[in-house]
Amino acid sequence: MSTTVWAGKFLTVQTEGTWEYAERRGQIAAAVIVAIDAGDVILVEQFRVPLGRACLELPAGLVGDETAGESVAVAAGRELEEETGYRAAAIEDLGLFYSSPGMTSECFTLVRATGLTRVGDGGGDGDENITVHRVPLTDIPAFVAAKREAGVAIDAKMLLILAGSIL
């Protein structure tokens, strides 16, 4: 049986035995989007408060944080367009994954977005200030290395792109 140590608007900190871990509150899930278009992958860069610096990431967002019962595909499409300015013709579910199971119960559904059409500038909502990068798949290792050298944090989910197994 777990005990809530602290509860915020979106997260709780739990203890169970010797374990301490974070949980998302409510039924909110997450979607992470691998958006590929004509040999390029769409990436985002945004400041992340816990890191104190910008982070290079796959586009992602919460499912059900605005509309209860929202599907992963709908949320992924909404987040892709909001963050990057691209709309997907198709979104394919690639499975459920756990982000850091030793520290949090948080999970995300990985999706592949294809058939992209540029419909806006992206950049996120009013306070996200997201920079959109369109990078040829062949240039990903060098692009990530250059970002790391420039002091940008690299999200662990970027390993999916570096490994090339989901493309």
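Figured I'd write up the structure that's included with this text. (Residues numbered from 1 in each chain as written. Predicted model: local features only at pLDDT ≥ 70, side-chain atom pairs only at ≥ 80, totals over all residues. Heavy atoms only, no water.)

On to the pairing of strand 1 (residues 3-7), then. By the bridge criterion, 4 bridges tie strand 1 to strand 2 (residues 11-16) in an arrangement that is antiparallel. Bridging from a neighbouring strand, Ala7 pairs with Thr12 of strand 2. From the end of strand 1 to the start of strand 2, which pair antiparallel, there are 3 residues. (Pairing = 2+ DSSP bridges. Helix = DSSP H or I, 4+ residues; strand = E, 2+ residues; numbered from the N terminus.)

Turning to the nonpolar core, a few remarks are in order. In terms of nonpolar packing, the biggest core is built from 17 residues, with Leu43, Leu58 and Ile140 touching the most fellow members. Among the elements that take part in this core, strand 4 (residues 29-37) stands out by supplying 4 residues, more than any other. In this structure, Leu43 is in contact with Leu56, Glu57, Leu58, Pro59, Thr131, Val132, His133, Val135, Ile140, Phe143 and Met158, ignoring residues within four places of it in sequence. By size, the runner-up hydrophobic cluster in this structure holds 12 residues, among which are Ala35, Val63, Leu80 and Tyr86. (Core = buried A, V, L, I, M, F, W, Y, C linked by side-chain atoms within 4.5 Å. Buried < 20%, exposed > 50% of the residue type's maximum accessible area, 1.4 Å probe, protein only. Contact = heavy atoms within 4.5 Å.)

Time to look at the sheet that holds strand 2. Ordered by their spatial adjacency, 3 strands build an open sheet running 1-2-3, and the pairing between neighbours is antiparallel. The open sheet has two edge strands, strand 1 and strand 3 (19-24), and neither has a second partner. Along the sheet, successive strands turn relative to each other by an average axial angle of 30°, direction set aside. In this structure, strand 2 lies alongside strand 3, joined through 6 bridges in antiparallel fashion. Following the sheet pairing, Gln14 is matched in strand 3 by Tyr21. (Axes fitted to C-alpha atoms, helices over the stretch in contact; angles between N-to-C directions.)

A full pass over the atoms with the stated rule returns 10 salt bridges. Its salt-bridge partner being Asp40, residue Arg134 comes within 2.7 Å of it at the nearest N-O pair. Taken as a pair, Arg134 in strand 10 (residues 131-136) and Asp40 in strand 5 (residues 40-48) lie far apart in primary sequence, 94 residues in all. Using a relative accessible area of 35% as the deciding quantity, one classes Arg134 as partly exposed. The class of Asp40 is buried, set by a relative accessible area of 15%. (Salt bridge = Lys/Arg side-chain N within 4 Å of Asp/Glu carboxyl O.)

Looking at the secondary structure, you find Gln46 in strand 5. Owing to a relative accessible area of 5%, Gln46 belongs among the buried residues under this scheme. At a separation of 3.4 Å, a polar atom in the side chain of Gln46 contacts the side chain of Glu57. Not counting residues up to four positions away in its chain, the partners in contact with Gln46 are Arg53, Ala54, Cys55, Glu57, Glu83, Glu128 and Ile130. (Polar contact = N/O pair within 3.5 Å; in protein donor to acceptor, adjacent residues only side chain to side chain.)

Mapping Glu92 onto the fold places it in strand 8 (residues 86-98). In this structure Glu92 comes out as partly exposed when scored by relative accessible area, which is 40%. Distance in space between the C-alpha atoms of Glu92 and Thr109 is 10 Å, their sequence separation being 17 residues. Those residues in contact with Glu92, other than ones at most four positions away along the chain, are Leu110, Val111 and Arg112.

A positive phi angle, near 50°, is found at Ala38, a position not held by glycine. Secondary-structure assignment places Ala38 in the loop between strand 4 and strand 5. Judged by relative accessible area, Ala38 falls into the exposed class, the value being 73%. You will see that Asn129, though not glycine, has its phi angle at about 50°, which is positive. Following the sequence through the fold, Asn129 ends up in the loop between strand 9 (107-118) and strand 10. For Asn129, a relative accessible area of 65% translates into the label exposed.

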